[in-house]
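Now for the letters of each chain:
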Amino acid sequence: MFAHELTAAGLRGAQAEAAYAACGRYLRRRSSAAFPVARFLLPPGKRPYYDAMLAFCGYADDVLETTGHSTRERTERFDALRHETLRRIDRGIAPTAGTGAGPVTAEAVLICGALAHTVRTWDMDPEGIRRFLRTLRTDLDTSSYATFEDLELYLRSVSGDMSIWVNTLLEPVDDEATVKAIALGYGISMLDLLDDITEDAALGRVYVPLADLKRHGLSRDDLITAAARQRMTAPLKEAVRFEADRVRRFFRLADGWHRQVHPSGQELPRQCLELGRTVLGELIRDDYDIFQRRRSTRLLCTARAGGTTARSYLRTLRHRRAHPHRIPGIPVQRTGRGGPAR
């Protein structure tokens, strides 16, 4: 995170700067696929807020996924994180540093503070944060979903709400933007679930709906066994193909999201959809074999998706010159011929 981004975002004071800087450090350490390339497709003044959303979601997920802690320890840490976050949102507590005593680390206090400040700045619905945390916590005690309708309830809160937050940051022009944002979130989440089948199965979790498995002559145990052996079967391949078709439909519904947000942020949703379609295309080219997808394949997906980033960034600069964006509480930033708003 750069000083000019904090300035453009209207962030003043050591505490606020420390909170948002902590989000950036966490994301770099986590090596998120969406960081740092995607953030540069946003105006500088929106990047710290984007970092806060991404860091908070990643941190909450990491608390639940840390294999070095028992279920009880993960539950205590997550509940403490949720309490700290909602306390700051409900009471309007400014971003502040903490000692990190107990289950909530000093880093978590800063990330929670940045997220709470983002919620207030962009007038986001606090209920979406509560729903996100409440639903994410079910990962501790839910190991499978009977139908896609059951899984969709999970996706609506975990990926759907995150998509709504980003959509808010992009300044949607109508309600259809929200529908498309959620659809893209669903599609990318479904791809992640397919990509993580081995890791989830090792934890006793199966996110592919049991009804979809049954449709192809499979049981929950069949999937877990196949993942343990890293061996693809014909029925499992057909089940993966079935889920990939669902992903394709979500991406089709998401198409055009970028045209329904402020021009200064259009390249972010455009690139996210392109990345999703690239990954889906590689899965299809691998003949739906989720166990033989090599690291080189993932690097190829990233390279192909990133190949248009330079062009996207140039389009972004042109949009910023022609269409000043807004940061709540800061006068609209306008540019002259010399370059983009800073």
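Residues numbered from 1 in each chain as written. Predicted model: local features only at pLDDT ≥ 70, side-chain atom pairs only at ≥ 80, totals over all residues. Heavy atoms only, no water.

Caption draft 1: Summary view of the overall build of the protein chain. When you go through the protein chain residue by residue, the secondary structure sums to 15 helices and zero strands. Going through the 342 residues of the protein chain one by one, you find that 51% of them count as buried. As presented, the protein chain carries roughly 15400 Å² of accessible surface, and 52% of it is formed by carbon and sulfur atoms. (Helix = DSSP H or I, 4+ residues; strand = E, 2+ residues; numbered from the N terminus. Buried < 20%, exposed > 50% of the residue type's maximum accessible area, 1.4 Å probe, protein only. Areas by Shrake-Rupley, 256 points an atom, 1.4 Å probe, with all protein chains shown as cover.)

Caption draft 2: Spotlight on the packing of helix α2 (residues 14-30) against helix α5 (residues 106-121). Between α2 and α5, whose axes approach to 8 Å, the crossing angle comes to 115 degrees. Classed by the angle they form, the pair α2 and α5 counts as roughly perpendicular. Pair α2 / α5 crosses with left-handed handedness. Here Ala-18, Ala-19, Tyr-20, Ala-22, Cys-23, Tyr-26 and Arg-29 of α2 come into contact with α5, specifically with Glu-107, Leu-110, Ile-111, Ala-114, His-117 and Thr-118. Looking at the contact of α2 with α5, its residues break down into nine nonpolar, two polar and two charged. (Axes fitted to C-alpha atoms, helices over the stretch in contact; angles between N-to-C directions. Parallel < 35°, antiparallel > 145°, perpendicular 65-115°, else oblique. Left-handed = near helix turned anticlockwise from the far one by under 90°. Contact = heavy atoms within 4.5 Å. Nonpolar A, V, L, I, M, F, W, Y, C, P; charged D, E, K, R; others polar.)

Caption draft 3: Fine view of empty space enclosed by the protein. One pass over the full model with this rule turns up two cavities of 30 Å³ or more. Estimated volume of the largest cavity: approximately 60 Å³. Around the largest cavity, the lining residues are Leu-193, Ile-197, Asp-200, Ala-201, Arg-205, Val-206, Tyr-207, Val-208 and Leu-223. Among the elements that take part in the lining of the largest cavity, helix α9 (residues 197-202) stands out by supplying three residues, more than any other. Within the lining of the largest cavity, the residues separate by chemical class into seven nonpolar, no polar and two charged. Here the second largest cavity is characterised by a volume of approximately 30 Å³. Lining the second largest cavity are Tyr-59, Val-63, Arg-77, Leu-81, Pro-103, Val-104, Thr-105 and Ala-108. Of the residues contributing to the lining of the second largest cavity, the split by class is six nonpolar, one polar and one charged. (1 Å grid on protein atoms, 1.4 Å probe; cavity = no way out; pocket = protein on both sides within 12 Å on 5 of 7 lines; lining within 4 Å. Points joined across faces, edges and corners; volume = space filled by probe spheres on them.)

Caption draft 4: Quick look at the environment of Ala-239. With respect to the element layout, Ala-239 can be found in helix α12 (residues 234-254). With 31 residues separating them in the primary sequence, Ala-239 and Val-208 have C-alpha atoms 8.8 Å apart. When sequence neighbours within four positions are dropped, the list of residues in contact with Ala-239 reads Leu-213, His-216 and Leu-218.

Caption draft 5: Molecular detail of the pattern of salt bridges. If you walk through the whole model with that rule in mind, you get 26 salt bridges. A salt bridge links Asp-79 to Arg-137; the nearest nitrogen and oxygen atoms lie 2.7 Å apart. Residue Asp-79 is found in helix α4 (residues 71-91), and its partner Arg-137 is found in the loop between α6 (126-136) and α7 (148-169); the two are separated by 58 residues along the sequence. Judged by its relative accessible area of 23%, Arg-137 falls in the partly exposed class. Here Asp-287 and Lys-237 are joined by a salt bridge, their closest N and O atoms 2.9 Å apart. Taken together, the positions of Asp-287 in the loop between α13 (267-285) and α14 (295-306) and Lys-237 in helix α12 put the pair 50 residues apart, joining distant regions of the chain. Judged by relative accessible area, Lys-237 falls into the partly exposed class, the value being 22%. Shared partners join several salt bridges into a network, and the residues in it are Glu-5, Arg-39, Arg-47 and Asp-51. (Salt bridge = Lys/Arg side-chain N within 4 Å of Asp/Glu carboxyl O.)

Caption draft 6: Spatial organisation of unusual backbone geometry. Even without a glycine there, the phi angle at Glu-171 is positive, about 60 degrees. We note that Tyr-288 has phi near 65 degrees; this positive angle belongs to a residue other than glycine. Tracing the chain through its elements places Tyr-288 in the loop between α13 and α14.

Caption draft 7: Geometry of the packing of aromatic side chains. Overall, the coordinates contain eleven aromatic pairs when judged by the stated rule. Between Phe-148 and Phe-250, the aromatic rings sit 6.2 Å apart at their centres with planes inclined by 35 degrees, giving tilted as the arrangement. Taken as a pair, Phe-148 in helix α7 and Phe-250 in helix α12 lie far apart in primary sequence, 102 residues in all. Across the pair, Phe-250 and Phe-148 agree in class, each one buried. Members of the aromatic cluster, each reached through a chain of ring pairs, are Tyr-20, Tyr-49 and Trp-122. Directly above the aromatic system of Phe-40 lies the positively charged group of Arg-39, at a separation of 5.4 Å from the ring centroid. (Phe/Tyr/Trp six-rings, centres within 6.5 Å; stacked < 30°, edge-to-face > 60°. Lys NZ or Arg CZ within 6 Å of the ring centre and 35° of its normal.)

Caption draft 8: Expanded view of the nonpolar core. Core analysis: the biggest nonpolar cluster contains 96 residues, and Ile-129, Leu-151 and Leu-236 have the highest contact counts within it. No other element matches the twelve residues that helix α3 (residues 47-65) contributes to this core. Here Leu-151 is in contact with Tyr-145, Met-190, Leu-193, Tyr-207 and Pro-209, once residues within four sequence places are set aside. (Core = buried A, V, L, I, M, F, W, Y, C linked by side-chain atoms within 4.5 Å.)

Caption draft 9: View of the side chain of Thr-135. Within the secondary structure, Thr-135 is located in helix α6. Accessibility expressed as a relative area gives 12% for Thr-135, which makes it buried. Reaching out from Thr-135, the side chain makes a polar contact with the backbone oxygen of Arg-131 at a distance of 2.9 Å. Here Thr-135 is in contact with Leu-153, Tyr-154, Ser-157 and Val-158, once residues within four sequence places are set aside. (Polar contact = N/O pair within 3.5 Å; in protein donor to acceptor, adjacent residues only side chain to side chain.)

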